Amino acid sequence: MKRKTKFSFPAKYLLMILSVLCVGTCILSFTNVPFAANLKDVTGYVLVPVQKGLNQVGLWFSNKADNLKELQSVMAENQELKEQLNQLMEENSNLAQEKTELKQLRELYHLDQTYEYPKIAAKVIGKDPGNWFRIFQIDKGSEDGIEVDMNVLSGNGLAGIVTSVSEHTATVRAIIDDSSIVGAQFSATSDICNVAGDLTLMNTGKIRVEDISKEAEIEDGYTLVTSTISSKYLPGILIGYVSDIKIDANNLTKSGYVTPVVDFERLQYVLVITQRKQQ
Amino acid sequence: MLRRIFTGFCIILFFLLQVTLFQHLSMASITPNLLLILTFEFGFIRGKKTGIWVGFFSGLLLDIYYGTGIGFYALIYMYIGFLNGYFHKLFYDEDITLPLLLLCGSNLSYGMIIYICRFLLYNRLDFFYYFPHVILAETIYTIVISLMVYRPILKMNRILEGLEKRSASKFG
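Residues numbered from 1 in each chain as written. Chains lettered and ligands numbered in written order. Predicted model: local features only at pLDDT ≥ 70, side-chain atom pairs only at ≥ 80, totals over all residues.

1. What about the overall build of chain A?
What counts here: By the criteria applied, helices consist of DSSP H or I runs no shorter than four residues and strands consist of E runs no shorter than two, each listed in order from the N terminus. Our contact criterion uses C-beta atoms placed from the backbone: two residues qualify when those atoms are within 7 Å.
Counting its secondary structure elements, chain A contains two helices and twelve strands. Starting at the N terminus and ending at the C terminus, chain A contains elements arranged as α-α-β-β-β-β-β-β-β-β-β-β-β-β. If one aligns the C-alpha atoms of chain A with their principal axes, the spans along those axes are about 85 × 50 × 40 Å. Taking as baseline every contact in chain A between residues at least 6 positions apart, the subset at least 24 positions apart corresponds to 58%.

2. Digging into the overall build of chain B
To keep things clear, this is the line we draw: With C-alpha atoms as the basis for the radius of gyration, the globule rule is written as 2.2 Å multiplied by the number of residues raised to the power 0.38.
Scanning chain B from N- to C-terminus turns up seven helices and zero strands. What you see in chain B, going N to C, is helices and strands ordered as α-α-α-α-α-α-α. In terms of overall size, chain B behaves like a compact globule, its C-alpha atoms giving a radius of gyration of 17 Å where 172 residues would be expected to give roughly 16 Å. With the C-alpha coordinates aligned to their principal axes, the bounding extent of chain B is approximately 60 × 35 × 30 Å. Restricting the contact set of chain B to residue pairs at least 6 apart, pairs at least 24 apart contribute 65%.

3. Some points on the interface of chain A and chain B
Note the following rule: Classes in brief: Ala, Val, Leu, Ile, Met, Phe, Trp, Tyr, Cys and Pro nonpolar; Asp, Glu, Lys and Arg charged; the others, Gly included, polar.
Contact residues are listed per partner, giving 38 residues for chain A and 38 residues for chain B. Mapped onto the side of chain A that touches chain B, the elements with two or more residues apiece are helix 1 (11-29), helix 2 (35-109), strand 1 (119-127) and strand 2 (135-138) of chain A. Here the side of chain A that touches chain B takes 14 residues from helix 2 of chain A, the largest share from any one element. Grouping the constituent residues of the side of chain A that touches chain B by class yields 21 nonpolar, 13 polar and four charged.

4. Describing unusual backbone geometry
Among all residues except glycine, the phi angle is most often negative; among peptide bonds, the trans geometry is most common. All names here are of chain A. One non-glycine residue, aspartate 149, lies in positive phi territory at about 80 degrees. Examined against the element boundaries, aspartate 149 turns out to sit in the loop between strand 2 and strand 3 (151-154). Phi is positive for aspartate 211, which is not a glycine, with a value near 55 degrees.

5. Notes on the confidence of the model for chain A
Put simply, the test is: Here pLDDT means the predictor's own confidence in every residue, given as a number from 0 to 100.
Scored by pLDDT, chain A has a mean of 82; 92% of the residues are at 70 or more. When pLDDT is averaged over each element of chain A, strand 5 (residues 170-174) of chain A comes out on top at 91 and helix 2 of chain A at the bottom at 79.

6. Quick notes on the confidence of the model for chain B
Per-residue pLDDT for chain B has a mean of 86; in total, 98% of the residues score no lower than 70. What the predictor reports for the complex is a pTM of 0.73 with an ipTM of 0.74.

7. Quick word on the pairing of strand 2 of chain A
All names here are of chain A. This is how the line gets drawn: Remark: C-beta atoms are placed from the backbone, and a residue is labelled buried if 20 or more other C-beta atoms sit within 10 Å of its own, exposed if 12 or fewer do, or partly exposed between those counts. For two strands to count as paired, DSSP must find a minimum of two bridges between them.
Judged by which residues are buried, strand 2 turns out to be covered on both faces: Ile135 and Gln137 on one side and Phe136 and Ile138 on the other are all buried. Of the pairings in the sheet, the one linking strand 1 to strand 2 comprises three bridges and is antiparallel in character. Paired with valine 124 across the two strands is isoleucine 138, which belongs to strand 2. Judged from the four bridges that link them, strand 2 and strand 5 form a sheet pairing that is antiparallel.

8. A short note on the domain arrangement of chain A
Inclusion rule: In this document the domain limits rely on a domain assignment from an automatic tool or a database.
Domain annotation for chain A reports domain 1 (35-112) and domain 2 (119-279). Of note, the centres of domain 1 of chain A and domain 2 of chain A, computed from C-alpha atoms alone, are 18 Å apart.

9. Brief notes about the packing of helix 4 (residues 48-66) of chain B against helix 5 (residues 72-85) of chain B
Helices that pack against each other are described as a pair by the angle of their axes relative to one another and the distance between those axes. Residue and element names in this part refer to chain B. Heads up, the rule is: To define axes, lines are fitted to C-alpha atoms, for helices over the stretch in contact only, and angles between the resulting N-to-C directions are given on a 0 to 180 degree scale. Here the word oblique covers every angle except those under 35 degrees (roughly parallel), over 145 (roughly antiparallel) and from 65 to 115 (roughly perpendicular). Whether a crossing is left-handed or right-handed is set by the direction in which the near helix is turned from the far one by less than a right angle, anticlockwise for left-handed and clockwise for right-handed.
Here helix 4 crosses helix 5 at 160 degrees, and the two axes come no closer than 7 Å. Compared by their axis directions, helix 4 and helix 5 come out roughly antiparallel. Judged by the sense of rotation from one axis to the other, the crossing of helix 4 with helix 5 is right-handed. Taking contact as the criterion, the partners of Lys48, Gly51, Ile52, Val54, Gly55, Phe56, Ser58, Gly59, Leu60, Leu62 and Asp63 in helix 4 are, on helix 5, Phe72, Tyr73, Ala74, Leu75, Ile76, Tyr77, Met78, Ile80, Gly81, Phe82, Asn84 and Gly85. When the residues that make up the contact of helix 4 with helix 5 are grouped by side-chain class, the tally is 14 nonpolar, seven polar and two charged.

10. A word on the nonpolar core
The nonpolar side chains of a soluble globular protein tend to be buried, and buried together. Spelled out, the test is: Linking buried Ala, Val, Leu, Ile, Met, Phe, Trp, Tyr and Cys residues through C-beta atoms within 7 Å yields a set, and such a set is a nonpolar core.
One finds Val195 of chain A together with Met78 of chain B to be the most contacted residues of the largest nonpolar core, which totals 96 residues. Per element, the largest residue contribution to this core is eleven residues, and it comes from helix 4 of chain B. Not counting residues within four places of it along the chain, the set of residues in contact with valine 195 of chain A comprises Ile175, Val182, Ala184, Ile207, Val209, Leu224, Ile239 and Val258 of chain A.

Structure representation (structure tokens):
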């Protein structure tokens, strides 16, 4: 051991060399050299399977904690829900009839405006370890047909967008991330606006809505969907419900908050739309 | 050699725990910074060079998976490991105050760097929100976790030192 360390050079130089290397690669990764993806592929072979396993352990812990908390409230809720169920069964049969009627009418008027996209399901296997960003990793990659800029849903709401892809994993930026901006519009009035993630609102479970025209007549509870003029997000995907719309200090625009339909604290499975806005 | 395997194993284990298990154990959506504990501790108990290497590889892993540019986190972690290496002279097995102070300082400065580079420059000026809610909260949680992690790594280090001495005397 002693003989080996004879040629070692001072820590200062090591630091200097590695610093230059880091700065170099940092600059390189903003050009179009895809070596970040290659590094991901290589490390992914080892890390991804372990990550999946560890995630199960984590889920088990958080589920246990939630279970204890929720047991009591669930029992009371169960009773209530049973009563509701009876009511709803009746309503449901009525609605089923109306639905077939609606379908016929829609066909007559060619008004089928609900959007259907091809999707594939993926599992969330890791989240950004820091506390500044909301980025997560999913277990499907380029092999499964995922590409950068594909939209990601959870349930029926918009969760985020794919920012980078490797062979078997992809990185997704959530719409609540501080650097995320989504072009949106109100489904009722078609007024356009921007939905911008904000770290300061993270714990309130809301996102900021900006740049609504002053003339727009918006009320609390209006649904917000992705806009047709957004360059990366497909149109008509539900984002959430607005509240607290106020006129900005500049007296030209309004802004407020939107409560997303997706529960970002408990993301487990997501759907990736395999169609991109810009092909 | 054994030491390198142990160090590499620690980095990967801590990275995986941080992105999976501890994401579920987050409090008020704040998670502890395990890799920072590792970088600081190796720098502190082994010296500058180990600090540099551990910091470099910890940061690199973060960069590969969650960074925007390869090398950004690696650079920050590397310097944290290096600077903590300066306090290696003051390292004393039983002492717990100095390591906690150092870790506290490391985590606060880490938070400040991220804030300045990634938020302040993007016109997020509300420092008095970010400082208590993100930087300070993360530091406190990290210190609580480090109380559990610090001793085992120290012990492992002592065992490895013992093994190295034994094999050195065998050949010497």
